[in-house]
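Residues per chain, in single letters:
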Amino acid sequence: MQKPRIVIASTLKPLLDPRSFYRFALSLRETNKYRLNIIGFSTKKAVDQSDIHFHSLFESKRTAFKRLFVGIKFLGLLKMIRPKLIIVTTYELLLPALIYKVFNRCKLIYDVQENHILNVRYNSVNSKPFQFLILPLIQLIEFSSRPFIDQYTLAEVCYKEEMPWVGNAVILENKYFGEYKEVVPKRFEANQPLNFLIAGTITEVYGILEGIYWFGEFVKQYPSARMHVIGHVTMEEYAQKILEAAVSISQILLDISFTPIPYERILDAYEVADLVLMPYYQIPSISPKVPSKMYECLAMGIPFLHAPNEKWASITNQYQAGFEVDFSDMTNIPRVIDHIFNATFFEQGIVKSAYWKAKEQEILKQLIGDNLK
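Residues numbered from 1 in each chain as written. Predicted model: local features only at pLDDT ≥ 70, side-chain atom pairs only at ≥ 80, totals over all residues. Heavy atoms only, no water.

## Some points on the pattern of salt bridges
Close approach of charged atoms allows side chains of opposite charge to pair. Scanning all chains against the criterion turns up 13 salt bridges. Residue Asp51 pairs with Lys3 through a salt bridge whose shortest N-O separation is 2.6 Å. Residue Asp51 is located in the loop between β2 (35-41) and β3 (52-58), and its partner Lys3 is located in the segment before β1 (5-14); the two are separated by 48 residues in the primary sequence. Classification of Asp51 by relative accessible area gives buried; the value is 16%. Classification of Lys3 by relative accessible area gives partly exposed; the value is 24%. Overlapping salt bridges bring together Glu30, Glu362 and Lys365 as one network. (Salt bridge = Lys/Arg side-chain N within 4 Å of Asp/Glu carboxyl O. Helix = DSSP H or I, 4+ residues; strand = E, 2+ residues; numbered from the N terminus. Buried < 20%, exposed > 50% of the residue type's maximum accessible area, 1.4 Å probe, protein only.)

## Quick word on the nonpolar core
Counting residues in hydrophobic clusters, the biggest one holds 94 residues, and the most contacted among them are Phe196, Trp214, Phe218 and Leu298. For this core, the leading source of residues is helix α8 (residues 208-221), giving 7 residues. Setting aside residues no more than four positions away along its own chain, Phe218 makes contact with Leu194, Phe196, Ala225, Ile333, Val336, Ile337 and Ile340. Formed by 38 residues, the second largest nonpolar core is a distinct cluster that contains Phe41, Ala97, Leu154 and Ala169. (Core = buried A, V, L, I, M, F, W, Y, C linked by side-chain atoms within 4.5 Å. Contact = heavy atoms within 4.5 Å.)

## Description of a nonpolar patch on the surface
On the surface, Leu95, Ile99, Val102 and Phe103 cluster together into a nonpolar patch covering about 440 Å² of accessible area. For Leu95, the location among the structural elements is in helix α4 (residues 94-103). (Patch = residues over 30% accessible without salt bridge, like charges linked within 9 Å, V, L, I, M, F, W, Y side chains within 5 Å. Areas by Shrake-Rupley, 256 points an atom, 1.4 Å probe, with all protein chains shown as cover.)

## Describing the environment of Thr331
Considering the arrangement of structural elements, one finds Thr331 in the loop between β13 (322-324) and α13 (333-342). On the accessibility criterion, Thr331 (58% relative accessible area) is exposed. Along the primary structure Thr331 and Phe218 are separated by 113 residues, whereas in three dimensions their C-alpha atoms are 9.9 Å apart. Of note is the side chain of Thr331, whose polar atom sits 2.5 Å from the side chain of Asp329. (Polar contact = N/O pair within 3.5 Å; in protein donor to acceptor, adjacent residues only side chain to side chain.)

## Focus: the layout of surface pockets
What the second largest pocket holds in volume is close to 360 Å³. As for the second largest pocket, its lining consists of 15 residues, and the residues nearest its centre are Pro83, Lys84, Arg105, Cys106 and Leu372. Taken together, the residues of the lining of the second largest pocket break down into 5 nonpolar, 3 polar and 7 charged. (1 Å grid on protein atoms, 1.4 Å probe; cavity = no way out; pocket = protein on both sides within 12 Å on 5 of 7 lines; lining within 4 Å. Points joined across faces, edges and corners; volume = space filled by probe spheres on them. Nonpolar A, V, L, I, M, F, W, Y, C, P; charged D, E, K, R; others polar.)

## Some words on the pairing of β3
In terms of burial, β3 is a largely internal element, 7 of the 7 residues being buried. Note: β2 against β3, 6 bridges, orientation parallel. Residue pairing for β3: Phe41 is matched across the bridge by Phe58. (Pairing = 2+ DSSP bridges.)

## Side note on the packing of aromatic side chains
For the structure shown, the criterion picks out 22 aromatic pairs. Consider the rings of Tyr176 and Tyr355, whose centres lie 5.6 Å apart with planes at 75°: the pair is edge-to-face. You can see Tyr176 sitting in the loop between β7 (170-171) and β8 (195-199) and its partner Tyr355 sitting in the loop between α13 and α14 (360-371), a full 179 residues away along the chain. Under the relative-accessibility criterion, Tyr355 is labelled buried at 0%. When the centroid spacing of 4.6 Å and the interplanar angle of 65° are considered together, the rings of Tyr180 and Tyr355 count as edge-to-face. (Phe/Tyr/Trp six-rings, centres within 6.5 Å; stacked < 30°, edge-to-face > 60°.)

## Re helix α1 (residues 18-29)
Among the 12 residues that make up α1, 9 are buried, leaving the element largely enclosed by the rest of the structure. All of the buried residues in α1 are Arg19, Ser20, Phe21, Tyr22, Arg23, Phe24, Ala25, Ser27 and Leu28. One side-chain oxygen at the N-terminal end of α1 lies 3.1 Å from the backbone nitrogen of Arg19; it belongs to Asp17.

## Points about the sheet that holds strand β10 (residues 252-257)
Sheet architecture is open: 6 strands sit in the order β10-β9-β8-β11-β12-β13, paired in parallel fashion. Looking at strand neighbours, the two that pair on one side only are β10 and β13, the edges of this open sheet. Across the sheet, the axes of successive neighbouring strands diverge by a mean angle of 20°, strand direction being ignored. Here 6 bridges tie strand β9 (residues 226-232) to β10, and the two strands are oriented parallel to one another. When the bridges of β10 are listed, Met227 appears paired with Ile252. Running at roughly 165° to β9, helix α10 (residues 263-271) makes contact with β8, β9, β10 and β11 (275-278) of the sheet. (Axes fitted to C-alpha atoms, helices over the stretch in contact; angles between N-to-C directions.)

By themselves these figures say nothing about function.
So this is what it looks like as C-alpha cells:
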C-alpha cells in the first residue's frame, strides 16, 4: 500500500528548517506511515532522504520579484506530488494550496510560525508604503482562507490571543528537538575566559548590533572574553552595519551568510559557548513570544543573558538559566560580570519541558494521523 504524501511548504524558510525538517519531518518519519515532501528555500540541491523529499522554490537568491510568482511554482509542485495533506507555513502559499484543494481531495493545515501582521507593522525594515500595500493583502488572504483550512497549528502560545479567529488551534512550540541531555549545575571560575554566542537570524529587531556594541564595552573590562556571531543575514545594508561594528573588536568571530546556515553548524556553536546573548528588541512582534534559542539553551544547559522581559525572566528564574541585561546600558557591565561569576546556573539539572519530544512530538503525530483518517 502506498504511503500518504504530506507536503510541508514555506517561502521564507530553508529546506532544512529546524521546525519543518527537524521537528515535523523527522518526528513523522518515525511512524513509517508517510512520504514527506519539504518545499522551501535553498540555493543548493538538497539530497533526498528515506521518505523525505526536498523541493526548492528558489534555486538562486530570493527576491521580491521572484516571490510574486512563487505560487505558480508551488501549485505545479502540488500537482506533481499529489499530497493527501498540505501543511502551509506562510500566508502567500495559502491561495495556491486552496486552489489545489478545490480540485483534489486533501486536507490543509496552516502552521502559523509568525504573526505576519505584527511583523510587518513593527519590524523597522518595512517602509510605510510597503506596509500600506501588504497589510490588507495578508489580512484578506488569511481571513478568506479560514473556511477551507482544516486545522491551525501555532508555534507560540501568544498567537492564541493575537489571532482569535484561528479557533480550535493546536499549539506546537519550537522546543529543542534533540535527545534528552544530562545538565549539571554550572559555575564559572574567576578570571576564566568566557565564550559568548549570538546565533540565528541576523536582523535588526533581534538586536544583533546592540549586542555587538555591548560586547565591545564588555571586553574593555574583561579582555579574555570572546564572542561568536553566526547566522543568516537577510538585508545587505544591515550586514554592512554588522561588519563595520565588529571590525574593530578583535575578540569577535563573525560568521554570517546571505544564505541559510545549516542548523548543525548552529548547534556546534552552542556546544562550545559559555553564555548566549539574546538582545531582542522589546516590540509587540517579539516580546510576547518565547525564542526557540531559549529552549535550546535550557535543554543544552547553556546560561543566557536576555533583554528585559517579564515572561522570559520567569522562565530563566525558574531554572536558574540566566538573567536580564539591558544591552543599551553600558554602565551595568561590572554588575553583569559579578553576576556571572557569583551565580550557579541550572541547579535543578535537566529541563525536560524544553524538549520537543516531551509533549509536542506526540501531539503532532496524533494531529497528522487524525487529519489523514
